[in-house]
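Summary of structural features
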Amino acid sequence: MNRILHVFCAAFLLFTLSLLPEVQAQTYDEKLYDAVQWRLVGPHRGGRSAAVAGVKGERNTFYFGATGGGVWKTTDGGITWGNISDGFFGGSIGAVTVADSDPNIIFVGGGEKTVRGNVSYGYGFWKSTDAGKTWEHLGMEETRFISRIRIHPTNPDIVYAAVLGDIFKPTQMRGVYKSIDGGETWDRKLFVNDQSGAVDLILDPNNPEVMYATTWQVKRTPYSLESGGPGSKMFKSIDGGENWTEISRNPGLPAGTLGIMGITVSPLNSNRLWAIVENLDGGVFRSDDAGATWEKTNDDRNLRQRAWYYTRIYADTQDENTVYVMNVNYHKSTDGGKTFKGAAAPHGDHHDLWIDPSDNQRMIIADDGGAQVSFDGGASWSTYMNQPTAQFYRVTTDDHFPYRIYGAQQDNSTMRIAHRNDGYGITEDDWQVSAGSESGWLAVDPTDNDIVYGGNYGGLLQYLNHKTGARRNVNVYPDNPMGHGAEGMKYRFQWNFPIFFSPHDPKVLYTTSNHFHRSTNGGQSWDTFSPDLTRNAKEKLGPSGGPITKDNTSVEYYSTIFAAAESPLKKGVLWAGSDDGLVHVSKDNGATWENVTPASLPEWTQVNSMEAHPFEEGGLYFAATAYKNGDYAPYLFKTTDYGKTWTKIVNGIDSQHFTRVVRADPMKKGILYAGTETGMYISFNDGGVWQSFQLNLPIVPITDLTIKENNLIAATQGRSFWIIDDLTVLHQLSGEVSSKPFYLFQPQDSYTLDGVRRESKTAGTNRPGGVLVYYQLNQEPKEEVRLEFYDNNRNLIREFSSKGIAGDTLKYKVGSNEFNWNLRIPDAKGFEGMIMWSGPLRGPKVVPGDYTVLLMVDGQVQEQGFKVLPDPRYPSTQEDRQAQFDFLLQVRDKLTETHETIILIRKYRDELNALVENNPRQKRRIDPIIKTISDIEKELYQTQNRSGQDPLNYPIRLNNKLAHLNVIAGTGEWRPTDGAEEVRVEITRQIDAQLTKFREVERTSIANVLNVEELKAELKMK
């Protein structure tokens, strides 16, 4: 028996060892493919911000923190913004503060105070001592949400922080913290309880030993927001925060339950305080004795509506009777808080304000559109259309060419945006508002790219025809739920409910509440074809908010189907995932349903996204989140047998990176992509092992992913849309890539589109036109790296070398490399000082077809084939495109011949003039030759041009007229017109006449004076 066991163990060991190379090959060093980068598509339309700061003495310098998008800085007064936290940290920002005593010192706290349904936490404290160029992490990540940081006005080593703490579960890391060593260590100085954190904190500008703080008892669950309770209090310290006295119940402040409170001190009068208080008898309160007694000055609900989302108050820095309150509008009082006048920055929902201590006209405001700057006290503001900090819930695409990306931006509109164009960047001209609104899914009609269905809160489901502009609301059950809890709803629609078309029948549109619904007539009627597929947890379906202010927008509607999918392989295989932790499957088009929830999925975990398996009929992947239960673990599962068995697939994902989305590569079985709260992951072995796929993507929550044409598109919560343009590199990874000295990946088939990749602070980055070639160098080449491109007949079209060819040097590095060939053959030859009007020398793009790229490293060669695809926007035939290429090639070659002649004319003239200078007796003989060739040059080229606008004064000559045909016939992909061909022939005839005249002069006159062949050889060498 033992002998048999030993034999079995040995055999098993051999079998296991035989698998090791395969297992090891399932992870790859990022250096093998890191030339593949994420590209910011945009839009540059700001998302929510809750933290802003300015710099005293630097008029145009301001900062803001994005909720999900890191820290941003402007040095031009809000005209442009640049991210300054990338490469160090990211995520949601709750506080940004600049030291008054040293503008180079900045403290940042992670985690937004605006705790709405899509709230994101941060990563503790960060500090910069060089105005944001570099950052030091100060720890305290478990604080999760930091709502204020205050720095001592003369000693930047003394820092205070209002820590709200983890809003999803009880925690001791709450309250007011103090550091006396510049943030290296922190001591908690004020603590109420494990459910209440500090939300506001202000130092008396005239005496930093005096300070005020408010605490807030707040909790967010998957089904509710609770604002207020015994832990909501107001405090004062007179000894630098060492000791605190509660002043919440001082005379004049309201009795009963308190909620969130904001507090401020007038810099002109330390006795004057203002507070805005959430309470049944709340409003704006003023104290004129440093908080000892209070008087309510205003109870306008416009100042305190949705208190949990706002409740910030700011004293003016120059007038002790002026005070501001943030809300949907921002409100200003000039009579001590008695009356307020509402105003709005370019975007509503205002959350923070900074006013220059020495100039109250200079300010920056934070709102749901990012940050805006004012230099006239709010009369005008800078734009928010220059900040790529949009928060998107979901992402999908259409079949338009080039395809467009769709998503719903938080507190803004839905949008469709081009993923690329023929220009230099992706701007406002490349996107449009689409169906639905801020919180919804979008679904594009598979038969018509202009028909879109979009959702929003309240169960809104809207049809939009982009072509005609027609809109129609086609809600399943249009019962407006606003203000009500979910307990009385016939159908519970979460504000981010699924909407999608069947992959098998373009007439079938699905949507989900707590039931599955479908329509085959564009929403005119709906078939409800499932039972309630949730836990229907009655105790979790009541109104949200309270105990003071209710807030019911369907954000917290619970026990809903939050994710759904249909198998792309088998019609009628439907999946439903609920936000209360259930997974159901139907194999018969919804006639019957089976609960197949994985046993290891924790109860009440939200199924956030579902991906029907692209290769297995009974397969599904899903991502789930439990962060609103205080559980930040990743939850990814897969099945291939209709949910009979499940495998949890999270190995390699950080234990605190909770998962939002998983997608399967439809072209390469086993490659999976996962988006988490803190970034991207990839698996090469069907989820067996994950590794980071962050590359150059900033640290930001990834809310959704989709794959289109071997592109990976990411929707982010705070950094707009990002895209990877070529997944085929990942498809080709193998052990061979790292084992060889170098490796050439097969390029992705590429369209004959133009486009320039150019970084911009105000526009999305475009995909460059042409083909992207990726190659790996595992060691430093000894002599040369060379790329050559060949057509289908093995004719060399274009070549690039690290040694340089025609002034163009191929740049490379050891590791992963990207090279972009724009599909154009070499340009026509030019000459120094040439000025042309609309006369480019560019070579034509190759015609669609099969091509080969060859990589040569130190004489060793690898090659790969690829296709150049026609631009489908043009109806032209292959023959039409070939005719265009031939035409432009003739233009190019004749331009080159013309310009080489001009170069030769100039060389001869210089030599002839030198002869005359050395021997004046030659003047009578040589001057006629010089005049003749100069007259020829003037016919070929306008020699009087010296600046770009000179051609408007000095008429263009033959070479410019010919080169202009590159514009006329080279635009688009068309057969040249008869008129273009007629002009080309005529101009070519005139040029040839001049060239013939030149050659005759050269043969009969110049050759008798100069060594023509020697001079030509000299020019060729150059």
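Quick caveat, the model's predicted, so the values are computed rather than measured.

Read across the sheet, 3 strands follow the order 27-28-29 without closing on themselves; strand pairing throughout is antiparallel. Of all the strands in the sheet, just strand 27 (350-356) and strand 29 (370-374) have a single pairing partner and so form its edges. Ignoring which end each strand starts from, the neighbouring axes of this sheet average 20 degrees apart. When strand 27 meets strand 28 (residues 359-367), the two strands line up antiparallel, connected through 6 bridges. Residue pairing for strand 28: aspartate 356 is matched across the bridge by aspartate 359.

With that settled, the discussion passes to the sheet that holds strand 54 (residues 702-708). Read from one edge of the open sheet, 4 strands run 1-56-55-54, paired in antiparallel fashion. Either end of the sheet is taken by a strand with one partner, and the two such strands are strand 1 (38-42) and strand 54. Strand after strand, the sheet turns through a mean of 25 degrees between neighbouring axes, direction not considered. In terms of strand pairing, strand 55 (residues 711-716) meets strand 56 (residues 721-724) through 4 bridges, oriented antiparallel. From the neighbouring strand, alanine 714 faces strand 56, where its bridge partner is tryptophan 722.

Mean pLDDT for the chain: 95, with 97% of residues reaching 70 or above. Within the model, pLDDT remains below 50 along residues 1-25, and this stretch shows 0 contacts once partners closer than five positions in the same chain are excluded.

On to the nonpolar core. Tyr908, Ile933, Phe998 and Ile1006 are the most contacted members of the largest nonpolar core, which totals 37 residues. For this core, the secondary structure elements donating two or more residues are helix 4 (878-918), helix 5 (923-940), helix 6 (958-970), helix 7 (978-1004) and helix 8 (1012-1021). No other element matches helix 4, which puts 10 residues into this core. When neighbours within four sequence positions are excluded, tyrosine 908 is seen to be in contact with Ile933, Phe998, Glu1002, Ile1006, Leu1010, Val1012, Leu1015 and Lys1016. One finds Tyr121, Val218, Ile260 and Trp308 within the second-largest nonpolar core, a separate group that totals 35 residues.

It is worth spelling out the side chain of glutamine 862 at this point. Note on placement: glutamine 862 falls in strand 64 (residues 860-869). Here leucine 744 takes part through its backbone nitrogen, which lies 2.9 Å from a polar atom of the side chain of glutamine 862. Residue contacts for glutamine 862: discarding those within four places in its chain leaves Lys740, Phe742, Tyr743, Leu744, Val853, Leu854 and Leu855.

With respect to the helices and strands, the residue tyrosine 223 is situated in the loop between strand 15 (207-221) and strand 16 (224-227). In this structure tyrosine 223 comes out as partly exposed when scored by relative accessible area, which is 24%. Spatially, the C-alpha atom of tyrosine 223 lies 80 Å from that of threonine 901, the residues being 678 residues apart in sequence. Excluding anything up to four places from it in sequence, tyrosine 223 contacts Lys540, Ser544, Glu556 and Tyr558.

The next subject is the pattern of salt bridges. Counting across every chain of the model gives 57 salt bridges. Note that arginine 312 is salt-bridged to aspartate 200, the shortest N-O span being 3.5 Å. Here arginine 312, found in strand 23 (residues 312-315), pairs with aspartate 200, found in strand 14 (residues 196-204); they are 112 residues apart in sequence, far enough to count as distant. Aspartate 200 shares its class with arginine 312; the two are buried.

Once that is clear, we can look at helix 5. Helix length check: helix 5, at 18 residues, gives a terminal C-alpha distance of 25 Å against a target of 26 Å (1.5 Å per residue), a fit within 8%. When helix 5 is considered as a whole, its buried residues turn out to be Ile926, Ile929, Ile930, Ile933, Ser934, Ile936, Glu937 and Leu940. Along the axis of helix 5, the buried positions cluster into a sector of 155 degrees, meaning they face one direction only. Those residues of helix 5 that are exposed and aimed more than 90 degrees away from the buried face are Arg924 and Lys931. Elements in contact with the buried residues of helix 5: helix 4, helix 6 and helix 7.

Let us look at the packing of aromatic side chains. For any two aromatic rings, the description comes down to two numbers: the centre-to-centre distance and the angle of the planes. By the definition in use, this model includes 52 aromatic pairs. Pairing tyrosine 510 with phenylalanine 516 gives two aromatic rings, centres 5.7 Å apart and planes at 85 degrees, and the pair type is edge-to-face. Side by side, tyrosine 510 and phenylalanine 516 carry an identical accessibility label, which is buried. Through a chain of ring-to-ring contacts, the aromatic side chains of Tyr121, Tyr123, Phe145, Phe168, Tyr627, Tyr632 and Phe658 assemble into a single cluster. Positioned over the ring face of tyrosine 790 is arginine 794, at 4.8 Å from the centre of the ring.

Rules used throughout
- Residues numbered from 1 in each chain as written.
- Predicted model: local features only at pLDDT ≥ 70, side-chain atom pairs only at ≥ 80, totals over all residues.
- Heavy atoms only, no water.
- Pairing = 2+ DSSP bridges.
- Helix = DSSP H or I, 4+ residues; strand = E, 2+ residues; numbered from the N terminus.
- Axes fitted to C-alpha atoms, helices over the stretch in contact; angles between N-to-C directions.
- pLDDT = per-residue confidence, 0-100.
- Contact = heavy atoms within 4.5 Å.
- Core = buried A, V, L, I, M, F, W, Y, C linked by side-chain atoms within 4.5 Å.
- Buried < 20%, exposed > 50% of the residue type's maximum accessible area, 1.4 Å probe, protein only.
- Polar contact = N/O pair within 3.5 Å; in protein donor to acceptor, adjacent residues only side chain to side chain.
- Salt bridge = Lys/Arg side-chain N within 4 Å of Asp/Glu carboxyl O.
- Expected span 1.5 Å × (residues − 1).
- Arc of directions from axis to C-beta.
- Phe/Tyr/Trp six-rings, centres within 6.5 Å; stacked < 30°, edge-to-face > 60°.
- Lys NZ or Arg CZ within 6 Å of the ring centre and 35° of its normal.

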